[in-house]
Amino acid sequence: MSKVAVVFWSGTGNTEAMAELVAAGARDAGAEAEVIACADFSSSDLDGYDAFAFGCPAMGAEELESEEFEPMWDDVEPELPGRKVALFGSYDWADGEWMDLWRERAEAAGITIADTVIAKDYPDEDASVACRALGAALA
Ligand SMILES: Cc1cc2nc3c(=O)[nH]c(=O)nc-3n(C[C@H](O)[C@H](O)[C@H](O)COP(=O)(O)O)c2cc1C
């Protein structure tokens, strides 16, 4: 059975809700899935999983959350090329530019991004379906 790590940061719960949906989609597709706060994850954990969904909302000015998520990402990024990786997160007032920048950064580091899902605020029905599909794609 494949094992999926869903690693996230969330300030007000929107990205956390997405993380639970991604994990549910992976489980429905037959995988084992763990939802893990980014502060509890590091590059030394990578070999324990077959696929990864990383979730972070738009923070700063179209940036990743800088205190906990970005240090974790800086740590895992060099080890992610060749692994199955997807990205997700919530935003509010802009148009999702942070996710474009994050994806560009990841791809410049040699990571193949299987898929991305963004949700405006709390995931609505469409975003929920997309989160579950992302999880299923990683399973
Ligand atoms: C400090 C801060 C910075 C933010 N920066 C952006 C931003 O650059 N672009 C945007 O669209 N939303 C921005 N937001 C809105 C959040 O991305 C949005 O509220 C999101 O749903 C929060 O997700 P969470 O509940 O997982 O924390 C910001 C929110 C905060 C608190």
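Scoring rules and cut-offs
Residues numbered from 1 in each chain as written. Predicted model: local features only at pLDDT ≥ 70, side-chain atom pairs only at ≥ 80, totals over all residues. Heavy atoms only, no water. Near = heavy atom within 4 Å. Polar contact = N/O pair within 3.5 Å; in protein donor to acceptor, adjacent residues only side chain to side chain. Areas by Shrake-Rupley, 256 points an atom, 1.4 Å probe, with all protein chains shown as cover. 1 Å grid on protein atoms, 1.4 Å probe; cavity = no way out; pocket = protein on both sides within 12 Å on 5 of 7 lines; lining within 4 Å. Sits in = over half its atoms within 2 Å of the grid points. Helix = DSSP H or I, 4+ residues; strand = E, 2+ residues; numbered from the N terminus. Expected span 1.5 Å × (residues − 1). Buried < 20%, exposed > 50% of the residue type's maximum accessible area, 1.4 Å probe, protein only. Arc of directions from axis to C-beta. Contact = heavy atoms within 4.5 Å. Points joined across faces, edges and corners; volume = space filled by probe spheres on them. Nonpolar A, V, L, I, M, F, W, Y, C, P; charged D, E, K, R; others polar. Salt bridge = Lys/Arg side-chain N within 4 Å of Asp/Glu carboxyl O. Pairing = 2+ DSSP bridges. Right-handed = clockwise from strand over helix to strand, strands pointing away.

Draft legend 1. Summary view of the site of the ligand. Lining the immediate environment of the ligand, one finds 18 residues, of which Ser10, Thr12, Ala58, Glu62 and Ser90 sit closest. A distance of 2.4 Å separates an oxygen atom of the ligand from a polar atom in the side chain of threonine 12. Relative to its unbound accessible surface of 640 Å², the ligand loses 80% to contact with the protein. In a pocket analysis with a 2 Å cut-off to the grid points, the ligand is assigned to the largest pocket.

Draft legend 2. Structural context of helix α4 (residues 125–138). Taking 1.5 Å as the rise per residue, α4 with 14 residues should run 20 Å; its terminal C-alpha atoms sit 20 Å apart, in good agreement. Among the residues making up α4, those that are buried are Ala127, Ser128, Cys131, Leu134, Gly135 and Leu138. Around the axis of α4, the buried residues are gathered within 120 degrees of arc, so they sit on the same side. Facing away from the buried side of α4 by more than 90 degrees, the exposed set consists of Glu125 and Asp126. Elements in contact with the buried residues of α4: β1 (3–8), α1 (14–28), β3 (51–55), β4 (84–91) and β5 (113–120). Capping the start of α4, aspartate 124 holds a side-chain oxygen 3.2 Å from the backbone nitrogen of aspartate 126, two or three residues further along.

Draft legend 3. Representation of the layout of surface pockets in the model. A volume near 300 Å³ is recorded for the largest pocket. Surrounding the largest pocket, 19 residues form its lining, Pro57, Ala58, Met59, Tyr91 and Asp92 being those nearest its centre. Counting residues per element, the ones that place at least two in the lining of the largest pocket are α1 and β4. Partitioned by chemical class, the residues of the lining of the largest pocket number 8 nonpolar, 8 polar and 3 charged.

Draft legend 4. Structural context of the side chain of serine 10. With respect to the helices and strands, the residue serine 10 is situated in the loop between β1 and α1. Separated by 3.0 Å, the side chain of serine 10 and the backbone nitrogen of glycine 13 make a polar contact. Polar contacts involving the side chain of serine 10 include one to the main-chain amide nitrogen of threonine 15, which spans 3.5 Å. The residues touching serine 10, leaving out its near neighbours within four places in the chain, are Thr15 and Glu16.

Draft legend 5. A look at the pattern of salt bridges. Within the structure shown, the criterion is met by 8 salt bridges. Across the pair arginine 132 and aspartate 28 runs a salt bridge, and its minimum N-O distance is 3.2 Å. Of the two residues, arginine 132 is situated in helix α4 and aspartate 28 in helix α1; the sequence distance between them amounts to 104 residues. The shortest N-O distance in the salt bridge between aspartate 47 and arginine 83 comes to 3.0 Å. Of this pair, aspartate 47 sits in the loop between β2 (32–37) and β3 while arginine 83 sits in the loop between α2 (69–76) and β4; the two residues are 36 residues apart in sequence, bridging distant segments of the chain. Accessibility expressed as a relative area gives 23% for arginine 83, which makes it partly exposed.

Draft legend 6. Up close: the pairing of β4. Burial within β4 is extensive, with 7 of its 8 residues counted as buried. Across 5 bridges, β3 lies against β4 in parallel orientation. Bridge pairing in β4 links alanine 51 to lysine 84. With α2 bridging β3 and the parallel β4, this β-α-β connection has right-handed handedness. Inspection of the sheet shows β4 paired to β5 by 6 bridges, in the parallel sense.

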